[in-house]
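# Fold and contact review
Residue-level listing of the chains:
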Amino acid sequence: MAGVRAADPFAAVQGALGPVVQPALIIAVGKAARLMAKAVLERFNGIPCLVVTNYENAKPLAGAQVFAAGHPVPDQNGADAANAVIAALRAAKGPVLGLISGGGSALLPAPAGDISLADKARVNEILLGAGLDITAMNLIRQQLSDIKGGGFLRHASPQRVTALILSDVIGDDLAAIASGPTVGPIGTAPQAIELLKDAGVWKDVPATVRSHLEAKGDADPLPTAVNVLVGSNAQSVDAMARAVPAAHVIAKPVEGDVADAAKYICDNAADGITVWGGETTVVLKGTGRGGRNQELALRIAQEAQQRGWQDYVCVQGGSDGRDGPTDAAGGIVDQDTLRKIDNLPALLANNDSYAALSQAGDLLVTDATGTNVADLGVLIRRN
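I will try to describe carefully the structure that is included in this document. This structure is a prediction, so every number in the text was calculated from the model and none was measured. (Residues numbered from 1 in each chain as written. Predicted model: local features only at pLDDT ≥ 70, side-chain atom pairs only at ≥ 80, totals over all residues. Heavy atoms only, no water.)

## Some details on the overall build of the protein chain
For the protein chain, the helix and strand inventory stands at 15 helices and 13 strands. Its C-alpha radius of gyration of 21 Å places the protein chain within 12% of the 21 Å reference for a compact globule of 383 residues. Seen along its three principal axes, the alpha-carbon backbone of the protein chain occupies a region of about 65 × 45 × 30 Å. Counting every position in the protein chain, which comprises 383 residues, the buried fraction comes to 56%. Long-range contacts, defined as pairs at least 24 residues apart, comprise 75% of the intrachain contacts of the protein chain with a sequence gap of at least 6. (Helix = DSSP H or I, 4+ residues; strand = E, 2+ residues; numbered from the N terminus. Rg over C-alpha atoms; globule rule 2.2 N^0.38 Å. Buried < 20%, exposed > 50% of the residue type's maximum accessible area, 1.4 Å probe, protein only. Contact = heavy atoms within 4.5 Å.)

Take a look at the structure:
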C-alpha cells in the first residue's frame, strides 16, 4: 500500500541523516525502531546501539542489542529494557541519537516514584478503554514515567541529544509521540488528574498512581534537544493520493468515536476512490476482542447499508499491521459483509469486532509492517 510504503522507517531515516554528527550512542524505541536503527548503523558503524520494539518486529540486527517488549500493555521485558536504556544514557560519553516511533510509550515503561510495573500496566489497560485520544493518554503516561516527557534528556545530560521521530500522532505533536521522551511534557499532573476524572476512571486507577499525581510538584527545566520529524500520517495520506491522482482525499483527519467517524467518512466519501488517515477511539463496554480499525470498518458497513450503497469496498487498517490485542490490522468490508454476520449489534455491544469480521471472512490480516503512522483508510464506491 502506498501509504505504508511512504512511512518506510529505513528510507525516512536515511533521508534525514545528512546533518547528523556521528553519535556516541544510538537509542531506538518504538514499533519502527529496528528499521530506523538499521538505517543509522549503515551510516555509522560500530556505535553502541539499543533497540526496543514490540515482539512482532523484534528480529536480530547486526551491531545492535534488540529488546522485545509488550505492547499495548507494558510488561517486565519492557521495564528491563527501560533500565538498560537509562543506564546507557547515563554512561554516554558523547552525542546521543534517539530514534523515536509510535508504540514507544508502552514499550519503554519506567515507573516513577512508588508506582509499580503492575500499576502502570493497569493504568494502560484503563486508558485503552476510556475513549481518550492518544494525546490525552500520553499526557497521563508522561506523569507516571521516569523516561517520558523529556526524561530521556535528563538521563542523557550533559550530552547533546538529537532525535529523529516517526509520528503516529495526528497533528504531529512531538510531545505526544511515544509520550515525548526527548521533548517536554504535554501537560501537568493536575491536568492528568482532570482527564482521568472527566473520563470517569479516576477511582479505577491504582492508589499509588493517584497518590503520585496528587503529590507531584513542578519539574526542573529540561535540557534542550534537536527533534526532527521524518514521517507522519499526513505524509502517508498524501502518498496514497499521489498513487491514484483521481482519488478524493478527506482533508480533515478522521478522529473521535468510531460510530461518529464512520458517519463522517460516509458523509464525505465521493464516487470512485476516497482516501483518509486518522486515529479513532473506542469506549470499551464489553469483553470481546477487536480494535478501533476493525470496529470502524464494521461501523462503515452499517452506514453504507443504511444509505443503500450496493457496490463498494472499504479497507480500514493500522499502518503498523496490528489493531488492538489481535493478529489483525483492521477490516475489509463490502456490501455483502453484514449479511454474513450473526447478531452484529450484540457483537458490537461486546466490543467483539474481531469475531464479527471473522464470521464474514473480512479481517485484514498482515504481518507487522515495521512502521507506525496511525491509521489509513480507502473506500472504493460505484454509484
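## With respect to the packing of aromatic side chains
A complete count under the given rule lists one aromatic pair for this structure. On the basis of an interplanar angle of 70 degrees and a centroid distance of 6.1 Å, the ring pair of Trp309 and Tyr312 is categorised as edge-to-face. Classification of Trp309 by relative accessible area gives buried; the value is 10%. The class of Tyr312 is buried, set by a relative accessible area of 4%. When the ring centre of Tyr354 is taken as origin, the NZ or CZ atom of Arg289, which lies over that ring, is 4.6 Å away. (Phe/Tyr/Trp six-rings, centres within 6.5 Å; stacked < 30°, edge-to-face > 60°. Lys NZ or Arg CZ within 6 Å of the ring centre and 35° of its normal.)

## Some points on helix 6 (residues 117–128)
With twelve residues, helix 6 should cover 16 Å at 1.5 Å per step; its first-to-last C-alpha distance of 17 Å lies within 8% of that length. Taken residue by residue, helix 6 has Leu117, Asp119, Lys120, Ala121, Val123, Asn124, Ile126 and Leu127 as its buried positions. Contacts from the buried residues of helix 6 go to helix 4 (76–91), helix 5 (104–107), helix 7 (134–142), helix 9 (189–198) and helix 10 (207–215). (Expected span 1.5 Å × (residues − 1).)

## Section: the environment of Asn383
Mapped onto the fold, Asn383 is located in the segment after strand 13 (375–381). We classify Asn383 as exposed; its relative accessible area is 76%. For the pair Asn383 and Leu344, spaced 39 residues apart in sequence, the C-alpha separation works out to 26 Å.

## Some details on the packing of helix 13 (residues 292–306) against helix 15 (residues 353–360)
At their nearest, the axes of helix 13 and helix 15 sit 9 Å apart, and the two run at 60 degrees to each other. Relative to helix 15, helix 13 is oriented oblique. When you trace helix 13 past helix 15, the crossing you get is left-handed. Residue-level inspection shows Gln294, Glu295 and Leu298 of helix 13 in contact with helix 15, the latter providing Ser353, Tyr354, Ala356 and Leu357. Split by residue class, the contact of helix 13 with helix 15 holds four nonpolar, two polar and one charged. (Axes fitted to C-alpha atoms, helices over the stretch in contact; angles between N-to-C directions. Parallel < 35°, antiparallel > 145°, perpendicular 65-115°, else oblique. Left-handed = near helix turned anticlockwise from the far one by under 90°. Nonpolar A, V, L, I, M, F, W, Y, C, P; charged D, E, K, R; others polar.)

## Some details on unusual backbone geometry
A cis amide bond links His71 to the next residue, Pro72, at an omega of 10 degrees. Following Ser157, the chain continues to Pro158 via a peptide bond in cis, the omega torsion being 15 degrees. Topologically, Pro158 is positioned in the loop between helix 8 (151–156) and strand 5 (161–166). Non-glycine residue Asn351 carries a positive phi angle of around 55 degrees. According to the relative accessible area criterion, Asn351 is buried, its value standing at 7%.

## Describing the side chain of Ser319
Within the secondary structure, Ser319 is located in the loop between strand 10 (312–318) and strand 11 (330–334). On the accessibility criterion, Ser319 (1% relative accessible area) is buried. Looking at Ser319, its side chain comes within polar contact range of the main-chain nitrogen of Val373, at 2.7 Å. Residue contacts for Ser319: discarding those within four places in its chain leaves Val4, Thr369, Thr371, Asn372, Val373, Ala374, Asp375 and Leu376. (Polar contact = N/O pair within 3.5 Å; in protein donor to acceptor, adjacent residues only side chain to side chain.)

## Brief notes about helix 15
Three- or four-residue spacings in an α-helix give side chains the same orientation, since the helix completes a turn every 3.6 residues. Taken together, the buried positions of helix 15 are occupied by Ser353, Tyr354, Ala356, Leu357 and Ala360. For helix 15, the buried positions fall inside an angular range of 160 degrees around the axis, keeping them on one side. Looking at the buried residues of helix 15, the elements they touch are helix 13, strand 11, helix 14 (344–349) and strand 12 (363–364). Following helix 15 by one or two positions, Gly361 has its phi on the positive side, about 70 degrees. (Arc of directions from axis to C-beta.)

## Side note on the sheet that holds strand 3 (residues 65–69)
Picture the strands of a sheet paired through backbone hydrogen bonds; they go either parallel or antiparallel. Strand order across the open sheet formed by six strands is 3-2-1-4-5-6, with parallel pairing between neighbours. The sheet is open, and its two edges are formed by strand 3 and strand 6 (226–231), each paired on a single side. Recorded for the sheet is a direction-independent mean angle of 15 degrees between the axes of neighbouring strands. Note that strand 1 (residues 25–29) and strand 2 (residues 49–54) share four bridges and pair parallel. Bridge pairing in strand 2 places Ile27 opposite Leu50. (Pairing = 2+ DSSP bridges.)

## Comments concerning the pattern of salt bridges
In this structure the tally under the stated criterion is 13 salt bridges. The salt bridge involving Arg381 is made with Asp271; its shortest N-O contact spans 3.5 Å. Of the two residues, Arg381 is situated in strand 13 and Asp271 in the loop between helix 12 (258–268) and strand 9 (272–281); the sequence distance between them amounts to 110 residues. Judged by relative accessible area, Asp271 falls into the partly exposed class, the value being 48%. The salt bridge partner of Arg299 is Glu295, with a shortest N-O separation of 3.0 Å. Separated by four residues within a single helix, Arg299 and Glu295 lie in helix 13, roughly one turn from each other. A relative accessible area of 4% places Glu295 in the buried class. Among the ionic contacts, a cluster of salt bridges with common partners joins Lys263, Asp267, Glu303 and Arg307. (Salt bridge = Lys/Arg side-chain N within 4 Å of Asp/Glu carboxyl O.)

## Examining the nonpolar core
Ranked by size, the top nonpolar core spans 32 residues in total, and within it Trp276 and Ile300 carry the most contacts. Residue contributions to this core peak at six residues, all from helix 13. Leu127, Ala130, Ile134 and Ala192 belong to the second-largest nonpolar core, a separate cluster that totals 28 residues. (Core = buried A, V, L, I, M, F, W, Y, C linked by side-chain atoms within 4.5 Å.)

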